[in-house]
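Report on the structure
The primary structure of each chain is shown beneath.
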Amino acid sequence: MSRWKALPAELDPRARHLVVSLRRLKDHSGLSMRQLAAKTGYSTSSWERYLGGRSLPPKEAVEAVAAVAGEDPTRLLALWEVASAAWTGRRTSPAAATANDGAPTGAAPGPPARRRPPRGAVVAGVVAFVLVVASAALLVVRVAGDDEGRARPPAVSQAAPAGVEVSPTATSYTCRVERADGQWFAGLSRTQDAILVNGHAGAHVAEAQCLLRRAGFPPGDIDGIYGPRTERAVQRLQQREGLVVDGIVGPHTWGALRG
């Protein structure tokens, strides 16, 4: 497991969120810094700056690390847009202060200039709106597909990224847990390294839910929706197994579930 240095204290919380997400993705990929550099085309020293919070990674670097880890880049790119706006503001603030210091003393202030909103803030607002619409659409599909005619509360705590595997017809899965070749399987997926986070849905999630229940950490309904209860069950398993407690299912957590 990687032992990360503390991020700079002055790092904006929005930029910190992006860096922490990239660190987690790198940890769950199992790659060293040198291997990550070889697979993404960005140097080891560049990744050390990006993951150390000393410089903002290019959007292409974020897309590259998501592709290497097999993760849909939508959520990371949304975080990048917000972090980019924060980073740009941090870099331009000292310049603005210098300009003000250089103004002649006693000069009559001119009319306030009309300021256009930063491009990053506009893009971040559009991305947030799209994610909210996607979340509402997912809720409508789940309610319409409930065979028992009862509406369920949304099982995710945040908008699901675009491209998430969602089944519009099945709302529950059946666990058929058996042991084969020294590993546990529930008959829904045989993955060993799929990255699952809060907001994902599908057979991989249902497989993890079945194995969590078998391990003594019930995640609630086996519905294939990675919601808060599933995330808490994953965290309890990770704590017991001595893993990084982040609520993200990656290769190491799959090893604990199938072992």
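For the structure itself, look to the data block above.
Residues numbered from 1 in each chain as written. Predicted model: local features only at pLDDT ≥ 70, side-chain atom pairs only at ≥ 80, totals over all residues. Heavy atoms only, no water.

1. Focus: the overall build of the chain
Put simply, the rule reads: The helix count covers DSSP runs of H or I at least four residues long, the strand count covers runs of E at least two residues long, and both are numbered beginning at the N terminus. The rule is simple: take the accessible area with a 1.4 Å probe, protein chains only, and divide by the maximum for that residue type; under 20% is buried, over 50% is exposed, in between is partly exposed. Residue exposure ignores everything except the shown protein chains as possible cover, and the areas themselves are Shrake-Rupley values with a 1.4 Å probe.
Helices and strands together make up the secondary structure of the chain, namely nine helices and two strands. The order of α-helices and β-strands along the chain, N terminus first, is α-α-α-α-α-α-β-β-α-α-α. Residues counted as buried form 39% of the 259 residues belonging to the chain. Carbon and sulfur atoms form 55% of the exposed surface of the chain, whose accessible area is close to 14,400 Å².

2. Here we look at the state of the cysteines
This is how the line gets drawn: The disulfide criterion used throughout: a pair of cysteine sulfur atoms within 2.5 Å.
By the definition in use, this model includes one disulfide. With its sulfur 1.9 Å from that of its partner, Cys-175 forms a disulfide with Cys-210. With the S-S bond torsion at -80 degrees, the cross-link from Cys-175 to Cys-210 turns out left-handed. Of this pair, Cys-175 sits in the loop between helix H6 (119-144) and strand E1 (178-180) while Cys-210 sits in helix H7 (residues 203-214); the two residues are 35 residues apart in sequence, bridging distant segments of the chain.

3. Observations concerning helix H8 (residues 228-241)
Because each turn of an α-helix spans 3.6 residues, side chains separated by three or four positions in sequence point in the same direction. Operational definition: The length a helix should cover is 1.5 Å for every residue beyond the first. Note that the arc is computed from the directions linking the helix axis to the C-beta atoms.
Over its 14 residues, H8 runs 20 Å from end to end, which matches the ideal 20 Å to within 8%, given 1.5 Å per residue. All of the buried residues along H8 are Thr-230, Ala-233, Val-234, Leu-237 and Gln-238. Looking down the long axis of H8, one finds its buried residues gathered within 135 degrees of arc, a one-sided arrangement. Facing away from the buried side of H8 by over 90 degrees, the exposed positions are Arg-229 and Gln-239. Gly-242 lies just past H8 and shows a positive phi near 75 degrees.

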